[in-house]
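Listed here are the chains, written in short residue letters.
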Amino acid sequence: MSQELLEELREIVREDLGKELSDKELFEFGENLLSYFELLAKIYARENLKDLRKVEEEIKFDSLAKGL
């Protein structure tokens, strides 16, 4: 995480939470936040992949039922 992003995060934490974090706390908070959103992105992608596979199966079934 770049120093610029850390400083932006510091400002957000200060404004939204009213907290002053040390550099170490800020870095750990930023890393945890990134990990959380990476997990959310993986879950979202996995769910979309499941939905895509369902649609593909429905298309295959419809094609077979129509004799295509």
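This structure is a prediction, so every number in the text was calculated from the model and none was measured. (Residues numbered from 1 in each chain as written. Predicted model: local features only at pLDDT ≥ 70, side-chain atom pairs only at ≥ 80, totals over all residues. Heavy atoms only, no water.)

A. Broad picture of the packing of aromatic side chains. Enumeration according to the criterion identifies one aromatic pair in this entry. Ring geometry for Tyr36 and Phe37: centres 5.3 Å apart, planes at 80 degrees, overall edge-to-face. Using a relative accessible area of 47% as the deciding quantity, one classes Tyr36 as partly exposed. Look at Phe37 and you get partly exposed, because its relative accessible area is 48%. (Phe/Tyr/Trp six-rings, centres within 6.5 Å; stacked < 30°, edge-to-face > 60°. Buried < 20%, exposed > 50% of the residue type's maximum accessible area, 1.4 Å probe, protein only.)

B. Geometry of the pattern of salt bridges. One pass over the full model with this rule turns up five salt bridges. For Glu7, the salt bridge identified is with Arg10, shortest N-O distance 3.3 Å. Of this pair, Glu7 and Arg10 both sit in helix H1 (residues 3-17), three residues apart, which is roughly one turn of that helix. Taking the relative accessible area as the measure of exposure, Arg10 reaches 13% and is therefore buried. (Salt bridge = Lys/Arg side-chain N within 4 Å of Asp/Glu carboxyl O. Helix = DSSP H or I, 4+ residues; strand = E, 2+ residues; numbered from the N terminus.)

C. Spatial organisation of a nonpolar patch on the surface. The grouping of Leu17, Phe29, Leu33, Tyr36, Phe37, Leu39, Leu40 and Ile43 at the surface amounts to a nonpolar patch, some 740 Å² of accessible area in total. If one sorts the elements of the nonpolar patch by residue count, helix H2 (residues 23-65) sits on top with seven residues. Take Tyr36: it is sitting in helix H2. (Patch = residues over 30% accessible without salt bridge, like charges linked within 9 Å, V, L, I, M, F, W, Y side chains within 5 Å. Areas by Shrake-Rupley, 256 points an atom, 1.4 Å probe, with all protein chains shown as cover.)

D. Representation of the nonpolar core within the structure. Of all hydrophobic cores here, the largest spans five residues; its members are Leu6, Leu9, Val13, Leu21 and Leu26. The dominant element in this core, judged by the number of residues it contributes, is H1, at three residues. Setting aside chain neighbours within four positions, we find Leu6 in contact with Met1, Leu26 and Phe27. (Core = buried A, V, L, I, M, F, W, Y, C linked by side-chain atoms within 4.5 Å. Contact = heavy atoms within 4.5 Å.)

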